Amino acid sequence: MSPASTGASTVVGAAPSAPVVDSRVAPGGPGYRRMSFALFLAGVATFALLYSTQALLPLISGEFGVAASEASWTVAAATGGLAVFVLPMSALSERFGRRTVMTASLAVAVTVGLLVPFAPSLTALVVLRAVQGAALAGLPASATAYLAEEVTPKALVTAIGLFVAGNSVGGMSGRVITGWVAQEWGWRVAVAVIGVIAVACAVAFRALLPAPKHFAAGSLRPRVLARTVRDHLSNPLLRRLYAIGALFMTVFGGVYTVIGYRLTEAPFNLPQGIVGSIFLVYLVGTVSASTAGRLVGRLGRRGALYAGGGTTAAGLLLSLADSLPLVLLGLVLITAGFFAGHAVASSAVSKTATKGRAQASALYQSAYYIGSSAGSTLGAVAFHASGWAGTVGVGLLAVFGVVTITVLGSRAARVAARRGALTAS
């Protein structure tokens, strides 16, 4: 039998080729836990700072004499600043490195966080929060791009799920801590405490995060960046994932911006500390985000998105009841559905983009936080006009959008598969 038929080398005495070994980090491998914990802490700091005023909006409204729709800008400005600057920050991370940009972003954000308690007016507070959001823009896209480069593909959904879980812990702890601290000492002391916690997380993050081994510096030329962005936006799958992320966050931003107002009013009349403790529900998000990989394994990506959307819609409907246990159950379902959907969509973006991953993730994050700003504003406006039912209505429309986009994606995939089969035949 000839060498060609056996697959043997045609060069006499040639050594067999060595198997290609993936040097990226896998679960259980050296540095995986350290890397995961460092990015978990980055997620904690990011969400604790980003939403530090959300549970305090009734107190901010009281001090400055403004309505919910005006106080909500302290949240919308931060998420809007992040949405605007996430793409430029991702370009900097392509040139100067993920770890460098994440470190600088956290440093600026925690510095601003220590200034927020001294804001003399609502306008000054909104401006500081916008700057803080812009600084935090260096974290989300850089973190997912870092993981896509340093972690094996099979572990990517789980690794990003852990980062998202850090987001949920940060969002939860920030709101719970601010609620109880504000009840005793006011909202200014509450946001100061969050600033100090974020400083500790930032220091630990920089000390723990391993230096990247697979990063290749890119170009900062605007033309190159524009071409990369155009390529991503021309990809129908990426466009659908961006829209899904924005719509999921529209629900979440609206619900958690307004829920404090609802629970401090009749028929619940809960004190600020108890309202802050409601955000312990975020622990459900920690679990659902970290198990998103298994959900995709069982149901597929689209099945997982349907499950996330359906769970969120059920929670919205339950929250309409004037029963505190049912409202809490509704929040549990909304939180579980949102974090599962977000983890699935964001990891799918990282898998779909083979080049310019930071820009691909940045576009997702931009859409995601635009959704947050829109949800915060629309949810507060709807609450002012129609009460909690108005906020739920905004959320249900957003969930309907998620389901519709997913259905259209399924049809597009079937059409592409049929065309491929015809071409092959």
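Residues numbered from 1 in each chain as written. Predicted model: local features only at pLDDT ≥ 70, side-chain atom pairs only at ≥ 80, totals over all residues. Heavy atoms only, no water.

Undergrad: So what's going on with the pattern of salt bridges? Which residues, and what values?
TA: What the rule picks out here adds up to three salt bridges. For Glu149, the salt bridge identified is with Arg98, shortest N-O distance 2.3 Å. Placement of the pair is Glu149 in helix α8 (residues 140-150) and Arg98 in helix α6 (residues 98-115), with a sequence separation of 51 residues. In this structure, the salt-bridge partner of Asp322 is Arg262, at a minimum N-O distance of 3.2 Å. Note that Asp322 is positioned in the loop between α15 (292-318) and α16 (324-352) and Arg262 in helix α12 (residues 236-264), a separation of 60 residues in sequence. Assessed through its relative accessible area of 62%, Asp322 is described here as exposed. (Salt bridge = Lys/Arg side-chain N within 4 Å of Asp/Glu carboxyl O. Helix = DSSP H or I, 4+ residues; strand = E, 2+ residues; numbered from the N terminus. Buried < 20%, exposed > 50% of the residue type's maximum accessible area, 1.4 Å probe, protein only.)

Undergrad: Report on the side chain of Thr53, specifying residues and quantitative values.
TA: Along the polypeptide, Thr53 turns up in the loop between α2 (32-50) and α3 (57-64). Beyond its immediate chain neighbours, meaning those up to four positions away, Thr53 contacts Ile60, Thr74, Val75, Arg129 and Val191. (Contact = heavy atoms within 4.5 Å.)

Undergrad: An account of the packing of α15 against α16 is needed here, citing residue identities and associated values.
TA: Between two packed helices, both the angle of their axes relative to each other and the distance between the axes serve to describe the pair. Between α15 and α16, the least distance of the axes is 7 Å, while the angle of their chain directions is 145°. Relative to α16, the crossing made by α15 is left-handed. (Axes fitted to C-alpha atoms, helices over the stretch in contact; angles between N-to-C directions. Left-handed = near helix turned anticlockwise from the far one by under 90°.)

Undergrad: Can you tell me about the nonpolar core, naming the residues and giving the values?
TA: Residues Leu39, Leu147 and Tyr256 are the most contacted members of the largest nonpolar core, which totals 120 residues. Residue contributions to this core peak at 15 residues, all from α12. (Core = buried A, V, L, I, M, F, W, Y, C linked by side-chain atoms within 4.5 Å.)

Undergrad: Quick rundown of the environment of Phe279? Include the residues and the values.
TA: Mapping Phe279 onto the fold places it in the loop between α13 (272-277) and α14 (282-290). On a C-alpha basis, the gap between Phe279 and Val169 in space is 9.7 Å, while along the polypeptide they are 110 residues apart. If near-sequence neighbours (up to four positions away) are discounted, Phe279 is found in contact with Gln54, Ala55, Met172, Arg175, Val176, Tyr256 and Ile259.

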